Amino acid sequence: MIRLDRRLLTAGPNLTVAQLVTIWADHTPARLPVPVACPTCEHAYSQTAPLCPSAAVVRPLLRRRRYEAGPRVLAPLTPNQLADLTGKRLSTALPSEVNR
């Protein structure tokens with residue numbers, strides 16, 4: 001069963017960039033080594049599903065909208081969360097011997 005963060009369901013299209021950042025931070029590992037599951041919803045990371053459902057919904061939205069609120073809106077993100085958002089790699093998809 002797919003479990004989306006309640007904030008995604010209640011705010012709907014009215015989500016602010018700041019809310020997206022908060023949800024991303026809650027559902028993305030803050031540091032390496034990456035845990036085996038999402039710190040918030042406990043989705044087990046795998047090669048085929050490296051993001052939990054909430055992070056998978058938020059990532060493309062936040063990537064597109066991150067410039068709307070200025071650079072300070074991303075300040076709460078750790079370097080790993082920022083790299084997972086803006087880079088081509090996802091820390092949750094790295095080989096298990098590197099991050100767990």
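From a predicted model like this one, the values you see are computed outputs, not experimental measurements.

> Residues and numbers for the nonpolar core, please.
Counting residues in each nonpolar core, the largest one holds 22 residues, and the members touching the most others are Val-21, Trp-24, Val-58 and Leu-62. Elements with a minimum of two residues in this core: α1 (6-11), α2 (17-27) and α3 (53-65). Take this core: its biggest share by element is five residues, from α2. Ignoring any residue separated from it by four or fewer positions in sequence, one finds Val-21 in contact with Leu-62, Val-73, Leu-74, Pro-76 and Leu-77.

> Describe in detail the side chain of Asp-5, supporting the description with residues and values.
Among the secondary structure elements, Asp-5 is positioned in the segment before α1. At 2.7 Å, the side chain of Asp-5 forms a polar contact with the side chain of His-27.

> With reference to specific residues and values, describe unusual backbone geometry.
Residues Leu-32 and Pro-33 are joined by a peptide bond in cis, for which omega reads 0°. With respect to the element layout, Pro-33 can be found in the loop between α2 and α3. Located in the positive-phi region is Glu-42, a residue other than glycine, with phi close to 70°. One can find Glu-42 in the loop between α2 and α3. Among the residues examined, Glu-42 registers a relative accessible area of 63% and is labelled exposed.

> An account of the pattern of salt bridges is needed here, citing residue identities and associated values.
Scanning the entire structure with this criterion turns up four salt bridges. The closest approach of N and O atoms between Arg-65 and Glu-68, which form a salt bridge, is 3.1 Å. On the basis of relative accessible area, Arg-65 is assigned to the partly exposed category, the value being 24%. Glu-68 gets classed as exposed once you look at its relative accessible area, which sits at 55%. A network of salt bridges, in which partner residues are shared, links Asp-5, Arg-7 and Asp-26.

Conventions we followed
- Residues numbered from 1 in each chain as written.
- Predicted model: local features only at pLDDT ≥ 70, side-chain atom pairs only at ≥ 80, totals over all residues.
- Heavy atoms only, no water.
- Core = buried A, V, L, I, M, F, W, Y, C linked by side-chain atoms within 4.5 Å.
- Buried < 20%, exposed > 50% of the residue type's maximum accessible area, 1.4 Å probe, protein only.
- Helix = DSSP H or I, 4+ residues; strand = E, 2+ residues; numbered from the N terminus.
- Contact = heavy atoms within 4.5 Å.
- Polar contact = N/O pair within 3.5 Å; in protein donor to acceptor, adjacent residues only side chain to side chain.
- Salt bridge = Lys/Arg side-chain N within 4 Å of Asp/Glu carboxyl O.

Geometric descriptors of this kind do not, in isolation, establish any biological role.
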